[in-house]
Amino acid sequence: MTANNPYALNVASKYSTHSVILSQIGTGNCVLDVGCNEGYLGRLADKSNTFYGLEFVPERVELAKAHYKAAIQYDLNQLKNLPWDVKFDVIILADVLEHVLYPEKALSFFVKHYLRPGGKIILSLPNVANWQVRFGLLLGKFDYAEAGILDRTHLHLYTFKTAQTLSRQGGCQVKSLLYGASFFGRVIKLLPFLRNLLTTSIIVIGQAGI
């Protein structure tokens, strides 16, 4: 991992956000990883998949190229046509839209122009309804940090309800709602009514809306 990169790969638990996303990619797909970081997903996904990556930080782009067919520097606040004439089977936006000024526009752009018919969107967002945030509010605290749900670079925060609203606004039909919860994943599986409280990341699986 490059210096000053707080977004480390986490696959220590099968319930972590990265692990859940990897489980949804499938095989034999052409994948666009929007916000690909250092190419974690392309490195770990089934090798029958072909990955393309977009990343804002130049140093991370260079590292991603080792695992992707192609990767370029890209600013999601300045949506521009991609240099590849490709429609993708899977488009991943993992922990990126919360950093964007107009997330629904960014999502809609990729769904409309780059998702093939019947293709899949995998979207992950921070869950502001998590117990740690709620407990902090009870104590009068809402302190931003370098990473996590209250990352100081987050412009938007989400609940399961508003994550679905964003998906629809971005042209996605929500097919399923999953979760990332490295520590409490087993608890949520046994007691699903605790999902909103214990989940760290909301994971939306969607397709282009009809």
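Residues numbered from 1 in each chain as written. Predicted model: local features only at pLDDT ≥ 70, side-chain atom pairs only at ≥ 80, totals over all residues. Heavy atoms only, no water.

Considering the sheet that holds strand S6 (residues 172-180)
- One open sheet holds the seven strands; their spatial order is S3-S2-S1-S4-S5-S7-S6, and the pairing between them is mixed. Of all the strands in the sheet, the pair left with one neighbour each is strand S3 (70-73) and S6. Within this sheet the neighbouring strands show an average axis-to-axis angle of 15°, counted without direction.
- Across the sheet, helix H1 (residues 17-25) is in contact with strand S1 (30-34), strand S2 (50-55), strand S4 (88-94), strand S5 (115-126), S6 and strand S7 (201-208); its angle to S5 comes to roughly 170°.
- Each of S5, S6 and S7 is contacted by helix H6 (residues 160-169), which is oriented at about 145° to S6, the strand it contacts most. (Pairing = 2+ DSSP bridges. Helix = DSSP H or I, 4+ residues; strand = E, 2+ residues; numbered from the N terminus. Axes fitted to C-alpha atoms, helices over the stretch in contact; angles between N-to-C directions. Contact = heavy atoms within 4.5 Å.)

Side note on the nonpolar core
- Residues Leu32, Phe88, Ile91, Leu93, Leu97 and Phe110 are the most contacted members of the largest nonpolar core, which totals 40 residues.
- Within the residue set of this core, elements represented by two or more residues are S1, S2, S4, helix H4 (103-114), S5, H6, S6 and S7.
- At six residues, H4 tops the list of elements feeding residues into this core.
- The next biggest cluster of nonpolar side chains, apart from the first, holds 19 residues, and it includes Leu22, Ile25, Ala45 and Val61. (Core = buried A, V, L, I, M, F, W, Y, C linked by side-chain atoms within 4.5 Å. Buried < 20%, exposed > 50% of the residue type's maximum accessible area, 1.4 Å probe, protein only.)

Re the environment of serine 167
- Along the polypeptide, serine 167 turns up in helix H6.
- Separated by 37 residues in sequence, serine 167 and valine 204 place their C-alpha atoms 7.9 Å apart.

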